[in-house]
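Working through the structure, step by step
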Amino acid sequence: ALLASGGRNEFLARMSESLLRITTAFAPRPVVYRTIDFRSNEFGRLEGGSEFEPVEDNPMIGYRGCFRYVHEPDLFALECELLARVREQTPNLHVMIPFVRTKWELEACLELLDATPLGRQRGLHRWVMAEVPSVVYRIPEYAALGIDGVSIGSNDLTQLMLGVDRDSGICAELFDESDAAVLDAIAQIITAAREHGLTSSLCGQAPSNRPDFA
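Below you will find a few notes about this structure. This one's a predicted model, so the numbers in the text were calculated from it and none came from an experiment.

About the cut-offs
- Residues numbered from 1 in each chain as written.
- Predicted model: local features only at pLDDT ≥ 70, side-chain atom pairs only at ≥ 80, totals over all residues.
- Heavy atoms only, no water.
- Phe/Tyr/Trp six-rings, centres within 6.5 Å; stacked < 30°, edge-to-face > 60°.
- Buried < 20%, exposed > 50% of the residue type's maximum accessible area, 1.4 Å probe, protein only.
- Lys NZ or Arg CZ within 6 Å of the ring centre and 35° of its normal.
- Pairing = 2+ DSSP bridges.
- Helix = DSSP H or I, 4+ residues; strand = E, 2+ residues; numbered from the N terminus.
- Axes fitted to C-alpha atoms, helices over the stretch in contact; angles between N-to-C directions.
- Contact = heavy atoms within 4.5 Å.

Centre-to-centre distance and the angle between the planes together describe a pair of aromatic rings. Considering all chains together, one arrives at three aromatic pairs under this definition. Ring geometry for Y63 and F67: centres 6.3 Å apart, planes at 80°, overall edge-to-face. Ring plane angle 10° and centroid distance 4.8 Å describe the contact between Y69 and F76, whose orientation is recorded as stacked. Pair check on accessibility: Y69 and F76 agree, each one buried. Here R64 stacks its cationic end above the ring of F99, 3.8 Å away from the centre of that ring.

Next comes the structure, spelled out in structure tokens:
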């Protein structure tokens, strides 16, 4: 909606200003930027969003993340242009792709990234969120595509390992990031990342609130 109203430069200017506030403060330490991953219902509630967003029965596992970038390459290219602009001043900024489900979509997404000014900048690290259970089996393939690290999202990983919508109050008692299946998946991801020279980190509700979990 913003772009349709001629707000492209406004988007770049305001986002650059916000990001530079963070990258400058942390420089030279790395800052990893997770590309925009609102769900269709979240985008739809924003001003002008209802004109552009699909209506999904389960947006939590719908049109989001890496798959969305492949289907809307112009918007992804704009975000990459933003990051390239910020990196020209603070090269400590790196990029992370969220909600990666399959190898082919990540491959397509990285090709799009490499075709932008961001992809041609030296020293850029490419990370993926490890939050879809398929990542447990795909670390070697993602490493071969040039991924530098993974960030384990325990919220979505738990949701998808246990089949529980984390937005559902009715099923809240089923949502347990300490479930043995979830912990085993996290351990497998960390082990595979180490074996293939990738960094790994952990984010989500449990590691944020419980030091023992982390």
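In this section: the sheet that holds strand β1 (residues 31–34). With respect to topology, five strands assemble into an open sheet ordered β1-β2-β3-β4-β5, the strand pairing being parallel. Among the strands making up the open sheet, the edge pair consists of β1 and β5 (199–203). Strand-to-strand twist across the sheet, computed as the mean angle between neighbouring axes with direction ignored, equals 30°. Across four bridges, the pairing between strand β3 (residues 126–130) and strand β4 (residues 149–153) is parallel. Bridging across to β4, A130 finds its partner in I152. Across the sheet, helix α4 (residues 73–89) touches β1 and β2 (93–97), and the angle it forms with β2 is around 160°.

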